[in-house]
Amino acid sequence: MLDVAMALEIVVRHAAARKPEMTTLAAAALGQVLAIDVRSDIDSPPFTKSMMDGYAIRAADAASPVELVVIEEVPAGTVPTKYVNVGEAVRIFTGAPMPDGADAVVMVEKTQSQSPDRVRIDDAFVKPGQHVLPRGTEMRSGDVVLPHGTVLTPAAFGVLASVGMMEFSTIPTPHVDILATGDELVEPTRTPGPGQIRNSNGPMLFAQTRRAGAIPRYLGIARDTEASLRLKIEEGLTSDVLILAGGVSAGKLDLVPKVLADLGVKILFHQVKMKPGKPLLFGTKGDTLVFGLPGNPVSSYVGFELFVRPALRLLAGHNDGEMRMRTLPIAATFAADNNRPTYHPAKLEAGTVRALPWFGSPDLRGIIAADAFIVLPPGSINYLAGQPVEVISVL
Ligand code: AMP
Ligand code: MG
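Residues numbered from 1 in each chain as written. Chains lettered and ligands numbered in written order. Predicted model: local features only at pLDDT ≥ 70, side-chain atom pairs only at ≥ 80, totals over all residues. Heavy atoms only, no water.

Student: Sorry, what's going on with the overall build of the protein here?
Tutor: In terms of helices and strands, the protein carries six helices and 30 strands. For 395 residues, the compact-globule estimate of 2.2 N^0.38 gives 21 Å, and the C-alpha radius of gyration of the protein, at 31 Å, exceeds that figure by more than 25%. Considering only C-alpha atoms, the protein reaches an extent of 95 × 50 × 40 Å along its principal axes. Among the 395 residues that make up the protein, the fraction classed as buried is 49%. Long-range pairs, those at least 24 residues apart, make up 69% of the contacts in the protein between residues at least 6 apart in sequence. Of the accessible surface of the protein, which amounts to about 18700 Å², a share of 56% is contributed by carbon and sulfur atoms. Across the protein, the centroid of the 37 positively charged side chains sits 7 Å from that of the 41 negatively charged ones. (Helix = DSSP H or I, 4+ residues; strand = E, 2+ residues; numbered from the N terminus. Rg over C-alpha atoms; globule rule 2.2 N^0.38 Å. Buried < 20%, exposed > 50% of the residue type's maximum accessible area, 1.4 Å probe, protein only. Contact = heavy atoms within 4.5 Å. Areas by Shrake-Rupley, 256 points an atom, 1.4 Å probe, with all protein chains shown as cover. Lys, Arg positive; Asp, Glu negative; His and termini not counted. Charge placed at Lys NZ, Arg CZ, Asp CG, Glu CD.)

Now the structure itself:
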């Protein structure tokens, strides 16, 4: 049986970034990855500008006090028309271009003015360049301001706008179809009858898909018959990724592996040395990645975080898989005994990680507070507080 690392390696090998597509500033999604180098078409600021409301002067004229002649007023959005000579000042506002001759701005709070054409400066220590932002400080025309691979954060949208980049190519956001399977399942809107339970995995995997930055579509519930599975799976195989929940164990009605194989899905592994979620399946058909997650809710949850999420990140052009693994001291003594490596729900707390009370794969409620899972090695373990443990964070 494959261990988690080997299984993940197989998934990673099949999860290449999608082909770039053109998009627009209005349509691009937060978190998408830029597929081109974006260059600036401007200097920013485009002119040397004042960063304060006050007076543009020659720094050498400053004294406390000294009276200067105000020769002009320059609000933002206008341009100065006069040269500032010795003994002169220009009334200036934040964002307005600096007049020639002046090399510093004295903020209005350090001045007094009784009439529009005179100002008294009360600042003896004015350095050349004070409160002045030279042209091109932020960027120069031709600079690569956003290299390919940049994640579109809100700041990146601002930079795209400031360089007038209205159309550009990004890695498209992957589409994920989600299919629940099982004769016992009813939609959450219904009250379960005898022997029935609500489909909790559907909405959960939908939300996990969104959290991973991909676009989910819910395909409903397939019954434990080949015909029902076939119908829904065929639909899901048109997507970038198909996630199935349930029906991958060894039971008589666990028909998912057979139907997938019948539909031409190449099964690359089925079973991983882990707990919860051993019967996890991964395959491909063309460019579509197929994950069969065991139906127990926490098995589905952990299977998604360990294998589906890294795949979705790679399809979307990200490479942030490694960031989620780390070693932390455990917050309190903790004992366990498992026959396989076990992913135990945990909470990150001030540089440590605390194991949460949890009774196993059906205990979805037990992982509500979990922002991480501790990876417990197989066998009997007895951790003392402070002992380092391997952790995968899921937020
Ligand atoms: P399976 O993997 O189909 O053998 O299912 C394992 C367990 O998970 C069974 O107790 C199922 O009833 C339960 N289960 C399967 N699918 C879901 C689902 N979508 N929502 C909640 N529980 C499920
Ligand atoms: Mg089932």
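Student: Help me understand the pattern of salt bridges, please; the structure alone is not making it clear to me.
Tutor: When the charged atoms of two side chains with opposite charge come close together, those side chains can pair. Across all of its chains, the model carries 15 salt bridges by this definition. Across the pair Lys 258 and Glu 226 runs a salt bridge whose closest N-O atoms are separated by 3.4 Å. Of this pair, Lys 258 sits in helix α5 (residues 256–262) while Glu 226 sits in helix α4 (residues 226–236), placing them 32 residues apart in sequence. The partly exposed category is assigned to Lys 258, whose relative accessible area is 41%. The class of Glu 226 is partly exposed, set by a relative accessible area of 32%. In this structure, Arg 313 and Asp 320 form a salt bridge, with 2.7 Å as the shortest nitrogen-oxygen distance. Taken together, the shared-partner salt bridges connect Asp 43, Arg 135 and Arg 140 into one network. (Salt bridge = Lys/Arg side-chain N within 4 Å of Asp/Glu carboxyl O.)

Student: I keep staring at the site of ligand 1 and nothing clicks. Help me out?
Tutor: Glu 184, Asn 199, Gly 247, Gly 295 and Asn 296 are the nearest of the 16 residues found near ligand 1. The backbone of Ser 200 places a nitrogen or oxygen atom 3.1 Å from a nitrogen atom of ligand 1. The fraction of the free accessible surface of ligand 1 (480 Å²) that becomes covered by protein chains is 78%. If you map ligand 1 onto the pockets, it falls in the second largest pocket. Of all elements in the fold, only β15 (175–181) and β17 (197–198) reach the threshold of two or more residues within the shell around ligand 1. Of the residues contributing to the shell around ligand 1, the split by class is four nonpolar, nine polar and three charged. (Near = heavy atom within 4 Å. Polar contact = N/O pair within 3.5 Å; in protein donor to acceptor, adjacent residues only side chain to side chain. 1 Å grid on protein atoms, 1.4 Å probe; cavity = no way out; pocket = protein on both sides within 12 Å on 5 of 7 lines; lining within 4 Å. Sits in = over half its atoms within 2 Å of the grid points. Nonpolar A, V, L, I, M, F, W, Y, C, P; charged D, E, K, R; others polar.)

Student: Sorry, what's going on with the environment of Val 108 here?
Tutor: For Val 108, the location among the structural elements is in the loop between β9 (104–107) and β10 (111–112). Here Val 108 falls in the partly exposed class, since its relative accessible area comes to 30%. Placed 162 residues apart in sequence, Val 108 and His 270 show a C-alpha to C-alpha distance of 72 Å. Among residues more than four places away in sequence, those in contact with Val 108 are Asp 53, Gly 54, Tyr 55 and Arg 91.

Student: Explain the domain arrangement of the protein to me, please; I cannot follow it from the model alone.
Tutor: Interface size is commonly expressed as the accessible surface area that is lost when the partners come together. Assigned domains within the protein: domain 1 (4–16 + 173–315), domain 2 (21–43 + 143–171), domain 3 (49–133) and domain 4 (325–393). Each of domain 2 and domain 3 has a C-alpha centre, and the two are 37 Å apart. (Domains from an automatic or database assignment.)

Student: Would you mind showing me how to read the packing of aromatic side chains here?
Tutor: What characterises a pair of aromatic rings is the spacing of the ring centres plus the angle enclosed by the ring planes. Taken as a whole and assessed by the stated rule, the structure comprises four aromatic pairs. Where Phe 282 meets Phe 291, the ring centres are 5.0 Å apart and the plane angle is 40°; that geometry is what we call tilted. Accessibility expressed as a relative area gives 0% for Phe 291, which makes it buried. A ring pair is formed by Tyr 301 and Phe 373, whose centres lie 5.9 Å apart and whose planes are at 40°; its orientation type is tilted. Remark: Phe 373 occurs in strand β28 (residues 372–376) and Tyr 301 occurs in helix α6 (residues 297–315); sequence separation between them is 72 residues. One exposure class covers both Tyr 301 and Phe 373, and it is buried. Chaining the aromatic ring pairs together yields one cluster made of Phe 269, Phe 282, Phe 291 and Phe 307. Taking NZ or CZ as reference, Arg 91 lies 5.2 Å from the ring centre of Tyr 55, over its face. (Phe/Tyr/Trp six-rings, centres within 6.5 Å; stacked < 30°, edge-to-face > 60°. Lys NZ or Arg CZ within 6 Å of the ring centre and 35° of its normal.)

Student: Got a minute to help me understand the packing of helix α1 (residues 4–13) against α6 in this structure?
Tutor: Between two packed helices, what matters for the description is the angle formed by their axes and the separation of those axes. The N-to-C vectors of α1 and α6 enclose an angle of 30°; their axes lie 10 Å apart at closest approach. In terms of orientation, α1 and α6 fall into the roughly parallel class. The hand of the α1/α6 crossing is right-handed. Contacts from Val 4, Ala 7, Leu 8, Val 11 and Val 12 of α1 reach α6 at Leu 306, Phe 307, Pro 310, Ala 311 and Leu 314. (Axes fitted to C-alpha atoms, helices over the stretch in contact; angles between N-to-C directions. Parallel < 35°, antiparallel > 145°, perpendicular 65-115°, else oblique. Left-handed = near helix turned anticlockwise from the far one by under 90°.)

Student: Help me understand helix α2 (residues 154–162) in this model?
Tutor: The periodicity of an α-helix, 3.6 residues per turn, causes residues three or four places apart in sequence to face the same way. Three or more residues of α2 are buried, namely Ala 156, Phe 157, Val 159 and Leu 160. Around the axis of α2, the buried residues are gathered within 160° of arc, so they sit on the same side. The exposed set on the far side of α2, more than 90 degrees from its buried face, consists of Pro 154 and Ala 155. At its buried positions, α2 is contacted by β4 (38–39), β13 (144–146) and β14 (167–171). The first or second residue beyond α2 is Gly 164, which carries a positive phi of 70°. (Arc of directions from axis to C-beta.)

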